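For reference, the chains in residue letters:
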Amino acid sequence: MNINIRRVKMHQYRSHTCSQLRSSDVDSTIRLSGWVHRKRDHGGLLFIDLRDHYGLTQIVIDCDSPNFQRAEEVRAESVISIDGTVVARTDDTVNKNLPTGEIEIHVSSIEVLNHAEELPLPVFGEQDYPEDTRLKYRFLDLRRERIHKNMVLRSDVITSIRRRMTDQGFKEYQTPILTASSPEGARDFLVPSRMHPGKFYALPQAPQQFKQLLMVAGFDRYFQIAPCFRDEDARADRSPGEFYQLDMEMSFATQEDVFAAIEPVMEGIFREFSDKKVTAAPFPRITFKESMLKYGNDKPDLRNPIIIQDVTEAFRGSGFGIFAGMIEKGAVVRAVVAEGTGVRPRSFFDKMNDWARSEGFAGLGYINIKEGEAKGPIAKNIGEEKLAQLTQQLELGDNDGVFFACGKENEAAKLAGLARTKVGHDLELIKDDEFKFCWIVDFPMYEYDEEAKKLDFSHNPFSMPQGGMEALNTMDPEDILGYQYDIVCNGIELSSGAIRNHQPELMYKAFELAGYSKEVVEDKFSGMLNAFKFGAPPHGGIAPGIDRIVMLLANEPNIREVILFPMNQKAEDLMMNAPAAAENTQLRELHIRTMIPEVKEE
RNA sequence: GGGGGUGUAGCUCAGUUGGUUAGAGCGCUGCCCUGUCACGGCAGAGGUCGCGAGUUCGAGUCUCGUCACUCUCGCCA
């Protein structure tokens with residue numbers, strides 16, 4: 001058989017990939033391997049689109065060919081290897097949608113390397129499929145064009161990040177996976193110790209302590225594409241269980257040094273992997289306080305042009321009794337202007353109020369101005385003078401609508417923030433052609449925990465308080481700011497970071513204010529605290545979430561679309577069947593007995 | 001743990017005020033087809049309508065419960 005003679009000269013599986021061949025290759029004898037993407041059977045003539053990671057090539061088999069029957073029988077997604085000749089397509093059969101569309105392969109032999117059974121999930125086409133089916137047959141799902149591309153993008157992004165970091169003198173180090181609980185506030189994943197009955201390792205929620213120890217160890221500039229493990233419930237932008245961070249830390253660094261190191265990486269990768277506009281470094285710095293006022297949260301979507309205003313004074317002592325009364329008890333009023341909505345029917349405003357109630361708030365007030373005339377219960381009762389004051393402050397036009405959130409400062413800010421987002425979204429004010437970055441800075445070190453009735457850290461307890469020991473000794477703890485910052489893009493928090501507290505005395509004091517004794521601190525964080533007693537450099541860092549960055553770049557609304565093998569919302573791996581019960585012998589070795597809560601029968 | 005949405009063929013979905021034998025497209029099986037690239041044509045198989053109760057002469061449709069998936073709140077500094 002002449003085929004076998006050719007095989008001696010050629011690679012066993014392929015001479016080219018499925019995206020390589022062009023009209024310049026016409027008349028070449030080639031070998032391709034790949035998946036049967038699509039078959040078009042004309043009876044006397046059969047076309048197969050052969051697919052691999054790189055692309056598609058059209059294969060043609062004539063009914064005269066001894067391979068015809070085998071080709072006709074092979075099912076989509078089977079893996080085949082073909083030998084053949086590259087032939088130019090006639091002008092009227094060229095496919096301009098394919099890079100290889102000017103040629104096709106006339107087959108001399110076909111070998112089926114692996115038969116595919118009937119598919120639970122078609123690879124061809126763009127149709128949506130149930131999440132659980134996709135996860136169970138992830139290997140099929142991942143063959144599909146869009147998600148396959150996402151994973152390639154993810155790989156390219158990570159490569160680019162590594163290059164950009166190392167170009168700046170950062171070095172990548174690996175930190176332990178089996179370790180002790182770290183200071184993040186999430187639930188730990190625990191791993192039982194065989195050698196130490198009753199004791200457990202924790203998987204790192206982040207390499208936080210290790211990267212700080214690396215600074216103490218004098219490595220100066222560290223980074224890692226670091227896996228992080230947190231046993232918390234999932235969200236659309238939060239994978240259950242595990243995720244990846246671009247973890248970085250630098251010593252002898254100020255907050256501005258950290259910003260200057262990370263800004264070009266962010267700007268660079270977003271420009272490299274997207275056609276959208278990208279904020280040019282330096283990114284805007286917005287204080288936490290200003291962000292809460294203007295945007296109603298600490299992760300503002302700056303694409304939304306609406307800016308919230310405080311209008312407490314316009315309602316104080318006004319004829320609108322509900323708000324005036326609440327203001328006397330310390331409430332504030334925040335306004336969200338919805339330009340041009342004044343002419344909308346009353347139902348528009350009622351629906352917004354219903355929405356606010358469904359979000360758990362008391363309600364959302366409004367004024368709508370129709371051809372210069374202010375309408376609605378607030379406009380009727382507030383009084384002419386106050387109405388004029390509002391109109392002037394908010395620069396209201398003749399047909400504008402405006403919503404009011406009244407409540408305790410936190411509540412009002414939160415509702416106004418949600419309303420800002422909703423109005424921006426509903427009125428289509430948020431243009432999806434841009435990545436708008438900003439830093440949120442000056443987070444408070446502490447906040448009062450209403451449930452526990454005690455002061456607690458509002459962010460990372462290891463952050464350096466602004467003003468140092470003097471601030472801790474003299475200021476109202478709730479007024480103390482930290483060198484803590486978030487980087488935000490289009491309303492998504494990509495990361496928190498901080499300049500760390502590297503002085504033991506400051507740390508004891510900072511923890512003392514939150515109600516932790518010296519003994520507790522020493523017990524919980526002995527490794528790091530010890531290190532700070534033997535010469536620790538000032539240091540700080542940040543850890544942007546890789547999955548969220550790729551999500552933004554791939555324009556995917558769900559984080560599972562950029563993760564190869566994600567778990568479902570209940571933290572189950574449907575493909576590998578994890579978690580699973582352990583064998584008794586395993587449990588015995590680990591000195592563990594399970595206590596499974598009783599499940600209702602049937 | 002709370003709230004919302006969804007659940008009908010392998011997949012995507014339709015199914016009227018409760019009324020005979022639950023439909024379509026893709027996929028699958030068989031036959032036909034030599035220029036398609038979402039090929040086309042003919043025929044066929046495939047359904048405990050998520051599950052369990054209830055109301056009713058009669059339930060895919062109404063009620064209650066339950067399960068699964070998903071979004072969301074809590075949680076995640």
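Below: a short report on this structure. Everything numeric in this text was worked out from a predicted model, so none of it was measured.

**Describing the layout of surface pockets**
Then, number 1: By volume, the second largest pocket amounts to about 1,000 Å³.
Then, number 2: Surrounding the second largest pocket, 37 residues form its lining, Arg-143, Arg-144, Glu-145, Arg-146 and His-148 being those nearest its centre.
Then, number 3: Mapped onto the lining of the second largest pocket, the elements with two or more residues apiece are β1 (29-41), β2 (45-51), α3 (131-136) and α5 (145-167).
Then, number 4: Tallying contributions element by element places α5 first for the lining of the second largest pocket, with seven residues.
Then, number 5: Tallied by class, residues from the lining of the second largest pocket come to 13 nonpolar, eight polar and 16 charged.

**Some thoughts on the pairing of strand β9 (residues 221-230)**
Then, number 1: Counting buried residues in β9 gives eight out of ten residues, a clear majority hidden from the surface.
Then, number 2: Where strand β6 (residues 171-172) and β9 come together, two bridges link them in parallel fashion. Looking across to β9, one finds that Lys-171 is bridged to Tyr-222.
Then, number 3: Here ten bridges tie β9 to strand β10 (residues 241-251), and the two strands are oriented antiparallel to one another. Looking at β10, one finds that Phe-223 is bridged to Met-248.

**Section: the protein's contact with RNA strand B**
Then, number 1: Taken together, 44 residues form the shell around RNA strand B, and within it Asp-41, Thr-93, Glu-104, Tyr-129 and Asn-460 come nearest.
Then, number 2: What you see for RNA strand B is that sugar and phosphate hold 52% of its atoms within 4 Å of the protein.
Then, number 3: Asp-62 places a polar side-chain atom, nitrogen or oxygen, 3.2 Å from a base nitrogen of RNA strand B.
Then, number 4: Between RNA strand B and Arg-560, the relevant distance is 2.7 Å, taken from a phosphate oxygen to a side-chain nitrogen or oxygen of the residue.
Then, number 5: Of all the elements in the fold, those that place two or more residues in the surface near RNA strand B are β1, β2 and β3 (56-62).
Then, number 6: Taken together, the residues of the surface near RNA strand B break down into nine nonpolar, 15 polar and 20 charged.

Each value, and the rule that gives it
- Residues numbered from 1 in each chain as written.
- Chains lettered and ligands numbered in written order.
- Predicted model: local features only at pLDDT ≥ 70, side-chain atom pairs only at ≥ 80, totals over all residues.
- Heavy atoms only, no water.
- 1 Å grid on protein atoms, 1.4 Å probe; cavity = no way out; pocket = protein on both sides within 12 Å on 5 of 7 lines; lining within 4 Å.
- Points joined across faces, edges and corners; volume = space filled by probe spheres on them.
- Helix = DSSP H or I, 4+ residues; strand = E, 2+ residues; numbered from the N terminus.
- Nonpolar A, V, L, I, M, F, W, Y, C, P; charged D, E, K, R; others polar.
- Buried < 20%, exposed > 50% of the residue type's maximum accessible area, 1.4 Å probe, protein only.
- Pairing = 2+ DSSP bridges.
- Near = heavy atom within 4 Å.
- Polar contact = N/O pair within 3.5 Å; in protein donor to acceptor, adjacent residues only side chain to side chain.

Nothing here speaks to function; it is all geometry.
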